[in-house]
Amino acid sequence: MQTEREHGFVARLPFPRSHRIPAATLERDYQTVHIKPVPDARWHFEVRLPVSAQVEPIASADHSATPPATLSRILLVDYDASIDIVGLRLTADVDLASWLDEWLEQLGMTPISSRPRPTPHGVMGDILATKRTPDGITVARYATVRDHERTFVFVLRTPLANYRSVAQDFMLTVSSFQEVRTVPGQKNTSSLQNPGERPD
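Every value quoted in this text rests on a predicted model; they were computed, and no experiment measured them.

## With respect to the sheet that holds strand β1 (residues 30–35)
Strands sit in the order β1-β2-β12 across an open sheet of three strands; the sheet is antiparallel. Taken across any chain shown, the strands that pair with only one partner, and hence form the sheet edges, are β1 and β12 (178–179). Two elements, strand β2 (residues 45–50) and β12, share two bridges in a ladder whose sense is antiparallel. Bridge assignment links Phe-45 to a residue of β12, and that residue is Glu-179. Against the sheet, helix α4 (residues 163–176) contacts β1, β2 and β12, and its axis sits at roughly 155 degrees relative to β2.

Okay, structure coming up:
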């Protein structure tokens, strides 16, 4: 159970819908990283990350089936935080906001706020949640991106005290995400529309 102080702090956690990192800071402290977690190019992507971030591709992941599988883990080492990028196949008729609600229930997470967002690819799930662990309260944010039958779920996990420090980096990762495919005669192509990086 959360203490009254913890409950008040959790209730006031920010839920940014876009990052507000200044352009000069983006140029100096961030970089675009192309991640190829498996040989299948349909699961290759790029994201913009802090230069201090460490990327751990999960090379053994099997993406031939529907259960979620972690494609890559991004470690924000300065804040004891991680961003998992999970891949799975879901048909276009699946409501991702509802699917995400059900998945978090299976994981035992406690939602704080849910803000589904409409996109050209349908309504995406976006949930801020918490879970008590032996080390204290963990804050997690889950956001989905869809490309036809491929769904990508971004999962931020961090101790409660560090969430405010990484909330902007998480939104930058989501908004900069592009699925990258190598096509003969072309450098790279992407079928995903960038959700945008401009502040609300």
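## Considering the packing of aromatic side chains
All told, the structure shown has seven aromatic pairs when counted by the stated rule. Consider the rings of Trp-99 and Trp-103, whose centres lie 5.3 Å apart with planes at 25 degrees: the pair is stacked. Here Trp-99 pairs with Trp-103, and both are found in helix α3 (residues 96–107), just four residues apart, close to one helical turn. Each member of the pair Trp-99 and Trp-103 is classed as buried. Here Trp-103 falls in the buried class, since its relative accessible area comes to 14%. One aromatic cluster in this structure is built from Trp-43, Phe-45, Phe-152, Phe-154 and Phe-177.

## Comments concerning the sheet that holds strand β9 (residues 126–133)
Ordered in space as β3-β4-β5-β11-β10-β9-β6, the seven strands form an open sheet in which the pairing is antiparallel. Where the open sheet ends on each side, the last strands, each with one partner, are β3 (54–57) and β6 (110–114). Recorded for the sheet is a direction-independent mean angle of 20 degrees between the axes of neighbouring strands. Across the sheet, α3 touches β5 (81–89), β6, β9, β10 (136–147) and β11 (150–159), and the angle it forms with β10 is around 150 degrees.

Rules behind the numbers
Residues numbered from 1 in each chain as written. Predicted model: local features only at pLDDT ≥ 70, side-chain atom pairs only at ≥ 80, totals over all residues. Heavy atoms only, no water. Pairing = 2+ DSSP bridges. Helix = DSSP H or I, 4+ residues; strand = E, 2+ residues; numbered from the N terminus. Contact = heavy atoms within 4.5 Å. Axes fitted to C-alpha atoms, helices over the stretch in contact; angles between N-to-C directions. Phe/Tyr/Trp six-rings, centres within 6.5 Å; stacked < 30°, edge-to-face > 60°. Buried < 20%, exposed > 50% of the residue type's maximum accessible area, 1.4 Å probe, protein only.

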